[in-house]
Amino acid sequence: MARSATIGRKTKETDISLTLNLDGTGKGEISTGIGFFNHMLEGFARHGFFDLMVKVEGDLHVDGHHTIEDTGIVLGQAIREALGDKAGIKRYGSCILPMDDALALCAVDLCGRPYFNYECEYPSERIGDLDTELIREFFYAVSYSAGMNLHIKMLSGINSHHMAEAMFKAFSKAMDEAVTKDARIQDVLSTKGSLT
């Protein structure tokens with residue numbers, strides 16, 4: 001069975017529909033109203049071999065905050081739902097990913113307990129039409145909504161575009177590893193017997 005989820009979330013600030021297939025081929029159909037954010041989510045889908053469809057209508061006349069944060073909330077919910085009881089998954093994933101001048105580290109534990117650690121200072125305040133400070137808000141929302149430990153650290157970088165792209169791709173590769181099934185794991189990879 002494909003591990004997938006479709007989530008809808010509508011508030012006064014955003015209207016989001018999102019479908020995630022963890023066992024996909026890397027197909028992304030993304031429309032958030034923020035061009036660079038679309039690009040990052042397309043990279044997440046492609047490099048993690050996830051099929052991801054996202055449609056967001058947000059209050060961009062205010063700013064991008066609600067669009068970015070709420071998309072993170074819904075993506076986290078979809079990850080949690082698609083994983084089900086997490087039987088057989090590796091649970092842990094990590095990646096150190098280079099992109100030209102940028103080098104990003106990402107480590108994930110799909111343990112069911114949210115924790116987020118983020119170390120990155122961008123040299124510019126915006127990348128295209130995305131405020132760089134909102135990248136942290138996106139990953140925070142994903143980690144808490146999915147119930148994962150997520151550590152992201154920018155080891156080096158001088159170009160904001162490269163730094164953000166390396167970060168999203170490192171997250172993608174770490175997630176791909178963590179959700180992969182291992183035949184040696186008969187139930188869940190925990191001494192407690194549960195990853196919820």
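Now for a look at the structure at hand. (Residues numbered from 1 in each chain as written. Predicted model: local features only at pLDDT ≥ 70, side-chain atom pairs only at ≥ 80, totals over all residues. Heavy atoms only, no water.)

## Regarding the overall build of the protein
At step 1: What the protein contains, in helices and strands, is four helices and ten strands.
At step 2: What you see in the protein, going N to C, is helices and strands ordered as β-β-β-α-β-α-β-β-β-β-β-α-β-α.
At step 3: Expected size for 196 residues packed as a compact globule is a radius of gyration near 16 Å; at 16 Å, the protein falls within 12% of this value.
At step 4: Oriented by its inertia axes, the alpha-carbon framework of the protein measures out at about 50 × 40 × 30 Å. (Helix = DSSP H or I, 4+ residues; strand = E, 2+ residues; numbered from the N terminus. Rg over C-alpha atoms; globule rule 2.2 N^0.38 Å.)

## Details of the nonpolar core
At step 1: By size, the foremost hydrophobic cluster in this structure holds 61 residues, and its most contacted members are Leu 52, Val 108, Phe 139, Met 148, Phe 171 and Met 175.
At step 2: Examining the composition of this core, we find that eleven residues originate from one element, helix 4 (residues 160-179), more than from any other. (Core = buried A, V, L, I, M, F, W, Y, C linked by side-chain atoms within 4.5 Å. Buried < 20%, exposed > 50% of the residue type's maximum accessible area, 1.4 Å probe, protein only.)

## Brief notes about the packing of helix 1 (residues 35-48) against helix 2 (residues 65-83)
At step 1: Here helix 1 crosses helix 2 at 20 degrees, and the two axes come no closer than 12 Å. On the basis of the axis angle, helix 1 is roughly parallel to helix 2. Regarding helix 1 and helix 2, the two cross each other, and that crossing is right-handed. Every residue of helix 2 that contacts helix 1 at Phe 37, Leu 41 and Phe 44 is listed here: Thr 67, Ile 68, Thr 71 and Leu 75.
At step 2: Within the contact of helix 1 with helix 2, the residues separate by chemical class into five nonpolar, two polar and no charged. (Axes fitted to C-alpha atoms, helices over the stretch in contact; angles between N-to-C directions. Parallel < 35°, antiparallel > 145°, perpendicular 65-115°, else oblique. Left-handed = near helix turned anticlockwise from the far one by under 90°. Contact = heavy atoms within 4.5 Å. Nonpolar A, V, L, I, M, F, W, Y, C, P; charged D, E, K, R; others polar.)

## Some thoughts on the pairing of strand 10 (residues 149-156)
At step 1: Where strand 6 (residues 102-109) lies against strand 10, seven bridges are found, and the strand directions are antiparallel. Following the sheet pairing, Ala 104 is matched in strand 10 by Met 154.
At step 2: As paired strands, strand 7 (residues 115-119) and strand 10 are joined by five bridges and run parallel to one another. The partner of Tyr 115 across the bridge, within strand 10, is Asn 149. (Pairing = 2+ DSSP bridges.)

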